[in-house]
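Commentary on secondary and tertiary structure
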Amino acid sequence: SSLVKASVLMSVVPLVILMLVASWFAFPHVREFWHLDLWFPLITNATDVSWWLIGVIVLTIVVSLLGSLYLTMKIIEPVVQITHEAQRLAEGFYDFELPATRTDELGVLANSLNRLTSRIRDNRVELQQFGERTSAPNREIHDRVLILSGLIQLGELISNGTPLDVVLDLTVEKLAGLDPQGFGVLCLQPLEDLSMTLRRAHGVDVTLLDDAVFQSASLLIDAQHPPDAAFQALWERLGRPNLLLQPVIVRSRPIGVLGIGSRRSSGCWDREVAELSVVFAKQVAIALENELLLQKMKALSIRDELTGVYTERYLHQRLAEELKRAVLYQRPCALLMFGIQGFQEYRQRHGEPAAERILKNVARALQESVTDIDRVARFQGTELAILLPERNKREATELSEAIRQRVALAFSSAEDPRDRLTVLAGVAENPLDGVTAEALLEKASSAIRHVMSVSP
């Protein structure tokens, strides 16, 4: 091998020369045995020996230099090149190939490195091809995960009693996300007493949905399904997109339409998108049904959720019944309306939770000041009312003054004078101020508004 040849030139040959010289001078019998006189016939005197020694030394140096040069050219330089390429391989560069013409160990190493880089290049190509084959399924899985998370989020919002408008807006947004160039629309009819925005859109101007047509079946508009006359105008306003419309059915009656649109100039809707749009339409229907049930529960409830006293609806019905009894038996019936002086300013200073605590404390004070036949109710958000059967206006006025003092005492220890709240009352009595529930309520409300306006 090259390494053996270099070793011979650098060490073995100089050593043999030196041994021959030593044998000439130090061992005559060796010189005679090997016939060294025949090898060195020119040495006849001391001067010849000196020049001959100088020549031997020079020859030895030359042979060693030749061995070093051979070592550098045949071994060290290829090793450096292989090391450099190995470093490039470690850094991620695979576009090289070492010369593999040698048959020694360095040639074997170069061939091995070339096979390694070739295998890495092939593996990279296979990985790239595998990535290209799996990119589409990965995107599809990612999209499905997003859709599933959106449906789960909608379900949680509906179950948590999130405001209806928030749920509907999020539904339209999630539906629009089913298509990269998509938009979502929702058009609803007024539904009983539900308060909500009837038109909403994501990715398109909501004003384009005016005069939208409702239907009881799914509608598909794409390259293979042109729109019919009823939807021609809406399709034109939206820019002639591909449309997939699903009816929103509540109590077996179509009350709206939920749709997804795409601005792709050609193509048809996938069956999966159509199925998902049906699921989103059912989510909208569930949200509307829940809101209707919630409204009915509130209407049927006779107790206020915050304060625990009766609701305005209940008090109105009970007041009508008590007035009929009072008229029939010629008995008095009074109504007190209370407003909390400085309540709005208190709410602004301390926030809604603190204001709710104040309202509950005042309602408790009123409840503890009346008899079992009296009824305390929460009226119009922050107003409270007391129905007083068998009491006239004078007795009602005395009770209102006692309640005012009780509430004032409860808040008298507040450090900030502005937090020392009190209540003001408006009084109405049958038959002096009216013989119907509406008349007494209007009289008491007018009285409390007047008292609140003139009170400092």
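In short, a report on the structure. These numbers were taken from a predicted model, which means no experiment stands behind them.

Criteria and cut-off values
- Residues numbered from 1 in each chain as written.
- Predicted model: local features only at pLDDT ≥ 70, side-chain atom pairs only at ≥ 80, totals over all residues.
- Heavy atoms only, no water.
- 1 Å grid on protein atoms, 1.4 Å probe; cavity = no way out; pocket = protein on both sides within 12 Å on 5 of 7 lines; lining within 4 Å.
- Points joined across faces, edges and corners; volume = space filled by probe spheres on them.
- Helix = DSSP H or I, 4+ residues; strand = E, 2+ residues; numbered from the N terminus.
- Nonpolar A, V, L, I, M, F, W, Y, C, P; charged D, E, K, R; others polar.
- Buried < 20%, exposed > 50% of the residue type's maximum accessible area, 1.4 Å probe, protein only.
- Pairing = 2+ DSSP bridges.
- Lys, Arg positive; Asp, Glu negative; His and termini not counted.
- Salt bridge = Lys/Arg side-chain N within 4 Å of Asp/Glu carboxyl O.
- Polar contact = N/O pair within 3.5 Å; in protein donor to acceptor, adjacent residues only side chain to side chain.
- Contact = heavy atoms within 4.5 Å.
- Axes fitted to C-alpha atoms, helices over the stretch in contact; angles between N-to-C directions.

Re the layout of surface pockets
By volume, the second largest pocket amounts to about 150 Å³. As for the second largest pocket, its lining consists of Gly339, Ile340, Gly342, Phe343, Gln344, Glu345, Thr382, Glu383, Ile448, Arg449 and Met452. Residue assignment for the lining of the second largest pocket shows that the elements contributing at least two residues are strand 6 (333–341), helix 10 (343–350) and helix 13 (437–454). Residues belonging to the lining of the second largest pocket are distributed by class as follows: four nonpolar, four polar and three charged.

With respect to the pairing of strand 9 (residues 422–430)
By the criterion of burial, strand 9 is predominantly enclosed, with eight of the nine residues buried. Where strand 6 and strand 9 come together, nine bridges link them in antiparallel fashion. Looking at strand 9, one finds that cysteine 333 is bridged to asparagine 430.

Regarding the side chain of glutamate 383
Structurally, glutamate 383 can be placed in strand 8 (residues 383–389). Buried charge without a partner: glutamate 383 forms no salt bridge, and the closest opposite charge is arginine 449, 6.0 Å away.

Examining the pattern of salt bridges
On inspection of all chains with the given rule, the structure shows 18 salt bridges. Ionic pairing is found between arginine 331 and glutamate 390, a salt bridge with its closest N-O pair at 2.9 Å. One end of the pair, arginine 331, is in the loop between helix 9 (312–329) and strand 6; the other, glutamate 390, is in the loop between strand 8 and helix 12 (393–410), and 59 residues separate them in sequence. Take arginine 331: its relative accessible area is 39%, and that puts it in the partly exposed class. We note a salt bridge from arginine 406 to glutamate 368, for which the minimum N-O separation is 2.3 Å. Of this pair, arginine 406 sits in helix 12 while glutamate 368 sits in the loop between helix 11 (352–367) and strand 7 (375–379), and the two are 38 residues apart along the sequence.

As for the environment of glycine 239
Turning to its location among the elements, glycine 239 is positioned in the loop between helix 7 (229–237) and strand 4 (242–250). On the basis of relative accessible area, glycine 239 is assigned to the exposed category, the value being 54%. When the C-alpha atoms of glycine 239 and serine 262 are compared, they prove to be 10.0 Å apart, with 23 residues separating the residues in sequence.

Digging into the side chain of aspartate 433
Note that aspartate 433 resides in the loop between strand 9 and helix 13. Side-chain polar atoms of aspartate 433 contact the side chain of lysine 393, separated by 3.0 Å. Residues within four places of aspartate 433 in sequence aside, it is in contact with Lys393, Val427, Ala428, Ala439, Leu440 and Lys443.

A few points about the sheet that holds strand 1 (residues 182–188)
Reading across from one edge, 2-1-5-4-3 is the order of the five strands in this open sheet, with antiparallel pairing throughout. The open sheet has two edge strands with one neighbour each: strand 2 (199–202) and strand 3 (219–221). Going across the sheet, the axis of each strand differs from the next one's by a mean of 15°, ignoring polarity. The pairing of strand 4 with strand 5 (residues 253–262) spans nine bridges and is classified as antiparallel. By the bridge assignment for strand 5, leucine 244 is matched with isoleucine 260. Here helix 8 (residues 271–300) sits on the sheet in contact with strand 1, strand 4 and strand 5, set at roughly 30° to strand 4.

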